[in-house]
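# Architecture and fold: a report
Residue-level listing of the chains:
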Protein chains: 2
Amino acid sequence: MPSTARDIAMKGGGYYSRATIGAKHVIDGATPLILNSLERMSPPDDGSIFTMSDMGCADAGTSMTMVGAVLKEVRRRAPSRPIQMVYTDLPRNDFSQLFRNVLGLTDVASYYEEIENLHVFASGTSFHRQILPPGTLHLGFSATASHYLSEKPAKIANHVHMVGAAGAERAAYTEQGRRDWEAMLLHRARELAPGGRLALFNFGIDEEERYLGNTGGISMFDTFNALWEELRDEGSITSDEYVDTNFPQHYRTVEEFTRPFRNPADPVHRAGLRLEHAETRVVRCPFEAHFEEHGDPARFAREYIPTLRSWSESTFASGLSAGRPAEERTAILDRFYDRYEARVREAPHGHAMDYVHCYLIASKIHG
Amino acid sequence: MPSTARDIAMKGGGYYSRATIGAKHVIDGATPLILNSLERMSPPDDGSIFTMSDMGCADAGTSMTMVGAVLKEVRRRAPSRPIQMVYTDLPRNDFSQLFRNVLGLTDVASYYEEIENLHVFASGTSFHRQILPPGTLHLGFSATASHYLSEKPAKIANHVHMVGAAGAERAAYTEQGRRDWEAMLLHRARELAPGGRLALFNFGIDEEERYLGNTGGISMFDTFNALWEELRDEGSITSDEYVDTNFPQHYRTVEEFTRPFRNPADPVHRAGLRLEHAETRVVRCPFEAHFEEHGDPARFAREYIPTLRSWSESTFASGLSAGRPAEERTAILDRFYDRYEARVREAPHGHAMDYVHCYLIASKIHG
């Protein structure tokens, strides 16, 4: 099957879920952190509403198992409390698919029918704004979403991602990342009820300078950049298009993630948020792990590229001139990902999109 | 432009809103009923959350003006109260479009940025089930939605809609309509806070036996039925397909709408719901009114049929055998609506989809 036809076929049912199985592993593996925070919270069985939220939920598939486990524990501890589960994402998200997944109308296994007095809602309000009424959130969760910035702070002359930027360009991403993180935490602080918890699992740069797709082998973002440069050098894209192509993301260090909690004068600390837990973990790329079993480079390449394409294509598409006809844009993007696939097929070892996350648990103080 | 191409073109941006401008007139015209109920409710300015819901909201376009007027009045009366606006519809609804409309990201004028401390949510839970936690709803609204039954109770041998059914067939629709209405009201009674209000504006049969598209001229449902019979008689559809085609709807009389409130032994009455207001109104078909101005039968026919098609096509499509290829189904439906258009074009007078609604305001008693 030619690559384009295959990609389109894979974008049908299950495309997102298969492409993000690694993101599900990240959440499933850290579920005990959330259950432990619930134990510390010790929600009283007082009949009041208990609200949990997944902020940046996409189709709810990656968090489904975790949310089910946590809400069942809430139900066990507090049988009298109505539970509200609020899924949030940007307005363009497919909320119909989300509701069908959560309400058990698809082949995704859902907790919905197993929990009494459960009320599921969605919000299309960005987590860069306040979503819930003040003081009403008991358990806020967000995974693999806060690296997206509210705006792109600068162009990067020599790379597609801030991990390859330096000097003033790098500083601009760091500053935008700082502001967005502070605003994210302040909005959540207002939403949290006293004693409520936040579980925030986000892409970051760990103590050994590792980050997504850069854990000792071939760097994924450097590969993206090298192939995009190649298209520029051969004239397939213009120099302006190359420079206009930057992921609107910032990967924070642990120091950046935790700083707002550490200084008593920081607005986040003053808003009553306290850090209970911080750690980094590397979760292995499921496609590379699978390759170790089957040993077929072509299969690895064929299965691996769609997961990269699922979240990176919109960035590369947005860098292209608006004046290009749709077919031309599609052809450029197909060529780009086909070349990445060829690289992996021809020399597979070292390619892997290992996940590097920083896991934070925070609490809102009483009174 | 051939009819099919035109229909597809019209299904783009604004199709739903233009096709349902009459439904918006129904809601806008009855907004004072809701504002009056809010005045009787007299929500205290006590800082607690105020929740309004639009149940069966579609893309939120038809209720936007009314919801904005009502929420601004809530904000004026109770500046300290966070407001939750909860839009609900079935999971297959386009919630992304809904959020984009309400959040002000489309050309639909929205109230969203004009009201402080407002939190918008959606639910994909059917109003045939409980949607909100107990005792949390202050103002429940639903328009032009409760005629849809939770299931189709019977096939109708000689018509496509229950308004043309008699005997046991008619009785089966009446009974299903009674059960669904009772369940709808009981779920809402559980959700309502003491003193909360319901505003329910639904298709019905008025005291003069009028109903949607049947207000003295040519009956719309009889026309649907005659054209569907014609397709059967000429062999374009089978007799089984004809009999399998029934709107899963019940149009209630005022007596049926109000009975649960009148008998103190009725579960709805015992659940604390009290009727404050009931009336019927006829709202004129905007396409027929426009025809009176422009006088062009072809234009009237061309503009009128899409509004009928927007809500009726799924019923006629569902009556067709699942074994028919997609192109064949499309061709049958195109022929069907083309013939309706031809009827209107050739003899326009008497065609009109006047809206006939029953307007109810109910309250939940205190304690």
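Worth saying up front: this structure is predicted, and the values here are computed from it rather than measured.

The end-to-end C-alpha separation of helix α7 (residues 167–191) of chain B is 36 Å, in line with the 36 Å expected for 25 residues at 1.5 Å each. Where α7(B) is concerned, the buried positions are B:Y173, B:Q176, B:G177, B:D180, B:W181, B:M184, B:L185, B:L186, B:H187, B:R188, B:A189 and B:E191.

So, on to the relation of the copies chain A and chain B. Laying chain A over chain B is done by rotating through 180° and shifting 0.1 Å along the axis; what remains is an RMSD of 0.0 Å. In the structure described here, the two chain copies are related by an operation that fits a two-fold rotation axis. Within chain A, A:A122 has its C-alpha nearest the rotation axis, a separation of 2.5 Å. The overlap is high: 100% of the interface residues of chain A also sit at the interface in chain B, so the same surface is used on both sides.

Before going further, it helps to examine the pairing of strand β1 (residues 50–55) of chain A. Residues and elements named next belong to chain A. With six of its six residues buried, β1 lies for the most part within the structure. Taken together, the six bridges between β1 and strand β2 (residues 83–88) define a ladder with parallel strand orientation. Each bridged residue has a counterpart across the sheet, and for M52 the counterpart in β2 is M85. Regarding the hand of the β-α-β motif, the stretch spanning β1, helix α5 (residues 64–77) and β2 is right-handed.

Contact residues are listed per partner, giving 30 residues for chain A and 30 residues for chain B. Buried area between chain A and chain B, summed over both chains or domains, comes out near 2100 Å², and the portion from carbon and sulfur atoms is 63%. Three residues, A:P91, A:F121 and A:P133, lead the burial of chain A against chain B; their summed loss comes to 23% of the area buried on that side. Linking chain A with chain B are two salt bridges. One salt bridge in this structure joins A:E113 and B:R129, with 3.4 Å as the shortest N-O distance. One can count seven residue pairs in polar contact (both at pLDDT 80 or more) joining chain A with chain B. At the level of elements, β2, α6 (95–102) and β3 (118–123) of chain A are the ones that each hand at least two residues to the side of chain A that touches chain B.

On to the environment of B:T253, then. Turning to its location among the elements, B:T253 is positioned in strand β6 (residues 252–253). Separated by 50 residues in the primary sequence, B:T253 and B:F203 have C-alpha atoms spaced 9.2 Å apart.

Residue and element names in this part refer to chain B. Relative to the helices and strands, I218 is located in the loop between β5 (192–205) and α8 (220–233). Judged by relative accessible area, I218 falls into the partly exposed class, the value being 34%. In this structure the C-alpha to C-alpha distance between I218 and P348, which are 130 residues apart in sequence, comes to 9.7 Å. Once residues lying within four places of it in the same chain are set aside, the contact partners of I218 are G213, T223, H349, G350 and H351.

Right, let's talk about the pattern of salt bridges for a bit. Residues and elements named next belong to chain A. Under the definition given, this model contains 62 salt bridges over all chains. We note a salt bridge from R339 to E234, for which the minimum N-O separation is 3.0 Å. Residue R339 is located in helix α14 (residues 326–346), and its partner E234 is located in the loop between α8 (220–233) and α9 (239–244); the two are separated by 105 residues in the primary sequence. Put simply, E230, E234, R335, R339 and R343 are held in one network by salt bridges that share partners.

Looking now at the packing of α8(A) against helix α13 (residues 297–319) of chain A. All names here are of chain A. At a minimum axis distance of 13 Å, the contact between α8 and α13 shows a crossing angle of 45°. Relative to α13, α8 is oriented oblique. The interaxial crossing formed by α8 with α13 has right-handed handedness. Between α8 and α13, the residues in contact are M220, F221, F224 and W228 and L308, W311, S312 and F316, respectively. For the contact of α8 with α13, the per-class residue count stands at seven nonpolar, one polar and no charged.

Looking now at helix α13 (residues 297–319) of chain B. At B:S312, α13(B) shows its maximal bend, which comes to roughly 55°. Of the residues flanking the start of α13(B), the one acting as N-cap is B:D296, its side-chain oxygen 3.0 Å from the backbone nitrogen of B:A298.

Right, let's talk about unusual backbone geometry for a bit. The backbone of A:A58 shows a phi angle near 55°, a positive value even though the residue is not glycine. With respect to the helices and strands, A:A58 occurs in the loop between β1 and α5. Assessed through its relative accessible area of 15%, A:A58 is described here as buried. Although it is not a glycine, B:A60 adopts a positive phi angle of roughly 75°. Among the structural elements, B:A60 can be located in the loop between β1 (50–55) and α5 (64–77).

Turning our attention to the confidence of the model for chain A. Residues and elements named next belong to chain A. For chain A, per-residue confidence averages 94 on the pLDDT scale, and 95% of positions sit at 70 or higher. In the model, residues 1–16 has pLDDT below 50 throughout and makes 17 contacts with residues more than four positions away in sequence or in other chains. This prediction of the complex comes with two scores: 0.93 for pTM and 0.91 for ipTM.

Judged by nonpolar contacts, the single largest core of 166 residues is most densely connected at A:F224, B:F224 and B:W228. Non-local contacts of B:F224, meaning those with residues more than four positions away in its chain, are made with B:V160, B:F247, B:L308, B:W311, B:S312, B:F316, B:F336, B:Y337 and B:Y340.

Residue and element names in this part refer to chain A. For D59, the position within the fold is in the loop between β1 and α5. The side chain of D59 sits in the buried core without any salt bridge; R100 is the nearest counter-charge, 9.8 Å away. There is a polar contact of 2.9 Å between the side chain of D59 and the backbone nitrogen of G61.

About the criteria used
Residues numbered from 1 in each chain as written. Chains lettered and ligands numbered in written order. Predicted model: local features only at pLDDT ≥ 70, side-chain atom pairs only at ≥ 80, totals over all residues. Heavy atoms only, no water. Helix = DSSP H or I, 4+ residues; strand = E, 2+ residues; numbered from the N terminus. Expected span 1.5 Å × (residues − 1). Buried < 20%, exposed > 50% of the residue type's maximum accessible area, 1.4 Å probe, protein only. Least-squares fit on C-alpha atoms with pLDDT ≥ 70 in both. Contact = heavy atoms within 4.5 Å. Pairing = 2+ DSSP bridges. Right-handed = clockwise from strand over helix to strand, strands pointing away. Buried area = accessible area lost by both parts, 1.4 Å probe. Salt bridge = Lys/Arg side-chain N within 4 Å of Asp/Glu carboxyl O. Polar contact = N/O pair within 3.5 Å; in protein donor to acceptor, adjacent residues only side chain to side chain. Axes fitted to C-alpha atoms, helices over the stretch in contact; angles between N-to-C directions. Parallel < 35°, antiparallel > 145°, perpendicular 65-115°, else oblique. Left-handed = near helix turned anticlockwise from the far one by under 90°. Nonpolar A, V, L, I, M, F, W, Y, C, P; charged D, E, K, R; others polar. Bend = angle between axes of the 7 residues up to and from the residue. pLDDT = per-residue confidence, 0-100. Core = buried A, V, L, I, M, F, W, Y, C linked by side-chain atoms within 4.5 Å. Lys, Arg positive; Asp, Glu negative; His and termini not counted.

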